[in-house]
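Coordinate analysis (summary)
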Amino acid sequence: MVRRRRKPPHQSDNHDRWMVSYADFVTLLFAFFVVMYSISSVNKGKYETFSESLDQALFHNEKVQRDAEPIQIGAIPTTVQPIELPNLVTAEERELSEEIMQEKRRLDEVSQEFQRALQPFVESQLVGIKKHDFWVELEMNSELLFASGKAELSAKAIPVLQKVAEAIRDVPNVINVEGYTDNVPISTGYFPSNWDLSSARATSVVKELVKNNIPSTRLSAVGYGEFHPIADNNHEEGRFKNRRVVLVLMSQAFARYGMSDDERAKALNLAPQPPAPPEAPVAQPAP
């Protein structure tokens, strides 16, 4: 008798296996987000402790200074504390300032005295008066003081210079007497050039002031010749203005502290003139 082999029972396909894989995936994804959240969250207490320790180690001195003077953020001051600046003005500067103010008043008084005493000559344009902060200029035309080509004072010059001496006698300021000429050449036995003539005229005025009790130590004479004109030498009217003697009553502070000699010359319109252009070469005859 032959025994028949039984057939194995039929095994059907399981269609729910995907749920296991999906569950595993969701579990892993949840674990991933948990890890990310744990990394991103910071323990505030530990962070503050770490920050204070680092600040104490690195910036201890600065922290001490900041703690000494706490700053209230957002606070608006209601009063302004005055700032006390150090007194930078020295005693010498204060003395100089007072001296300058006194001399300005003194020079103003001398200028007014010139105007009063020489008014007729001012009106006839033989005398001009210029007032500055550091000097007074008294400009006298040479026609008022000298004959043409001469350096001796004329008779009419004596009373004029007496009035000038009265105005400046009681002030201690230095007096520069400056002589000027036009550009007409002069060549005589006494005056080889306009420089010589202008210097001699300035010296004559200085000597007359000394006769009128002006101390010699306050006086100086200089001749500028034709080289500082104030008008056009191409016309007689301009040459007339250029022939002059100028008295400059200098501020003591200006003379001692104010400027260098070059700066004073520039301020007095006596800056060096530009050099004359070179002469054209003389053509040599052909051999």
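If you look the protein chain up in an unreviewed UniProt entry, it shows as Flagellar motor protein MotB from Methylomonas koyamae. UniProt lists a comment for the protein chain under the heading Subcellular location (unreviewed entry), and it reads "Cell membrane". UniProt lists a comment for the protein chain under the heading Sequence similarities (unreviewed entry), and it reads "Belongs to the MotB family."

1. Considering the overall build of the protein chain
Within the protein chain one finds 11 helices and 5 strands. Looking at the protein chain as a whole, 26% of its 287 residues qualify as buried. Across the protein chain, every contact between residues at least 6 apart in sequence was considered, and the portion connecting residues at least 24 apart equals 69%.

2. What about the packing of aromatic side chains?
For the coordinates displayed, the defined rule picks out 3 aromatic pairs. Seen in terms of ring centroids, Tyr-180 and Tyr-224 are 5.2 Å apart; in terms of plane orientation they differ by 10°. Their pairing is stacked. Placement of the pair is Tyr-180 in strand S3 (residues 175-180) and Tyr-224 in the loop between strand S4 (219-223) and helix H9 (236-242), with a sequence separation of 44 residues. Residue class for Tyr-180 comes out buried when judged on its relative accessible area of 4%. Measuring from ring centre to ring centre gives 6.4 Å for Tyr-190 and Phe-191, while their planes differ by 45°; the resulting arrangement is tilted. Against the face of Tyr-180 rests Arg-244, its NZ or CZ located 3.8 Å from the ring centre.

3. Let's talk about helix H7 (residues 157-168)
Over its 12 residues, H7 runs 17 Å from end to end, which matches the ideal 16 Å to within 8%, given 1.5 Å per residue. Every buried residue of H7 is accounted for by Ala-157, Val-160, Leu-161, Val-164, Ala-165, Ala-167 and Ile-168. All buried residues of H7 lie within an arc of 160° about the axis, which places them on one face of the element.

4. Side note on the nonpolar core
Core analysis: the largest hydrophobic core is formed by 31 residues, its most contacted members being Ile-168, Val-177, Val-205, Leu-209 and Leu-247. Contributions of two or more residues to this core are made by helix H4 (91-117), strand S2 (135-141), helix H6 (142-145), H7, S3, helix H8 (194-211) and strand S5 (244-250). Sort the elements by how many residues they give to this core and H7 lands first, with 7 residues. Beyond its immediate stretch of four places on either side in the chain, Leu-247 contacts Val-136, Glu-137, Leu-138, Met-140, Val-164, Ile-175, Asn-176, Val-177, Val-205 and Leu-209. Within the second largest apolar cluster, 5 residues are counted, among which are Tyr-180, Val-246, Val-248 and Met-250.

5. What to know about the sheet that holds S4
Strand order in the open sheet formed by 5 strands is S1-S2-S5-S3-S4, and the pairing between neighbours is mixed. The sheet terminates laterally at strand S1 (127-131) and S4, the two strands that pair on one side only. When the angles between neighbouring strand axes are averaged without regard to direction, this sheet yields 15°. Here S1 pairs with S2 via 5 bridges, running antiparallel. Bridge pairing in S2 places Ile-129 opposite Leu-138. Docked against the sheet, H7 engages S2, S3 and S5, running at close to 175° with respect to S2. Along the sheet face, H8 touches S3, S4 and S5 and points at about 160° away from the line of S4.

6. Quick look at H8
With 18 residues, H8 extends 26 Å from end C-alpha to end C-alpha; this agrees with the ideal 26 Å at 1.5 Å per step. Residues of H8 that are buried include every one of Asn-194, Leu-197, Ser-198, Arg-201, Ala-202, Ser-204, Val-205, Val-206, Glu-208 and Leu-209, and no others. Downstream of H8 by a residue or two, Asn-213 has a phi angle that is positive, lying close to 65°.

7. As for the environment of Phe-134
Within the secondary structure, Phe-134 sits in the loop between S1 and S2. Measuring from C-alpha to C-alpha, the distance between Phe-134 and Glu-103 comes to 7.9 Å, with 31 residues separating the pair along the chain.

8. Structural notes on the pattern of salt bridges
Enumeration according to the criterion identifies 5 salt bridges in this entry. Notably, a salt bridge pairs Glu-113 with Arg-116, separated by 2.4 Å at the nearest N-O pair. Of the two residues, Glu-113 and Arg-116 are both situated in helix H4; the distance of 3 residues between them amounts to about one turn of the helix. By relative accessible area, which is 27% here, Glu-113 ends up partly exposed. Of the charged contacts, one joins Glu-143 and Arg-243 as a salt bridge, the two residues approaching to 3.5 Å between their closest N and O atoms. Linking Glu-143 in helix H6 with Arg-243 in the loop between H9 and S5, this pair joins segments that are 100 residues apart in sequence. Looking at Glu-143, the relative accessible area reads 30%, which means it is partly exposed. Residue Arg-243 is classed as buried on the basis of its relative accessible area, which comes to 16%. Residues joined in a network through salt bridges with shared partners are Glu-143, Asp-182, Glu-236, Arg-239 and Arg-243.

About the cut-offs
Residues numbered from 1 in each chain as written. Predicted model: local features only at pLDDT ≥ 70, side-chain atom pairs only at ≥ 80, totals over all residues. Heavy atoms only, no water. UniProt positions renumbered as here; feature names shortened; annotations may be inferred. Helix = DSSP H or I, 4+ residues; strand = E, 2+ residues; numbered from the N terminus. Buried < 20%, exposed > 50% of the residue type's maximum accessible area, 1.4 Å probe, protein only. Contact = heavy atoms within 4.5 Å. Phe/Tyr/Trp six-rings, centres within 6.5 Å; stacked < 30°, edge-to-face > 60°. Lys NZ or Arg CZ within 6 Å of the ring centre and 35° of its normal. Expected span 1.5 Å × (residues − 1). Arc of directions from axis to C-beta. Core = buried A, V, L, I, M, F, W, Y, C linked by side-chain atoms within 4.5 Å. Pairing = 2+ DSSP bridges. Axes fitted to C-alpha atoms, helices over the stretch in contact; angles between N-to-C directions. Salt bridge = Lys/Arg side-chain N within 4 Å of Asp/Glu carboxyl O.

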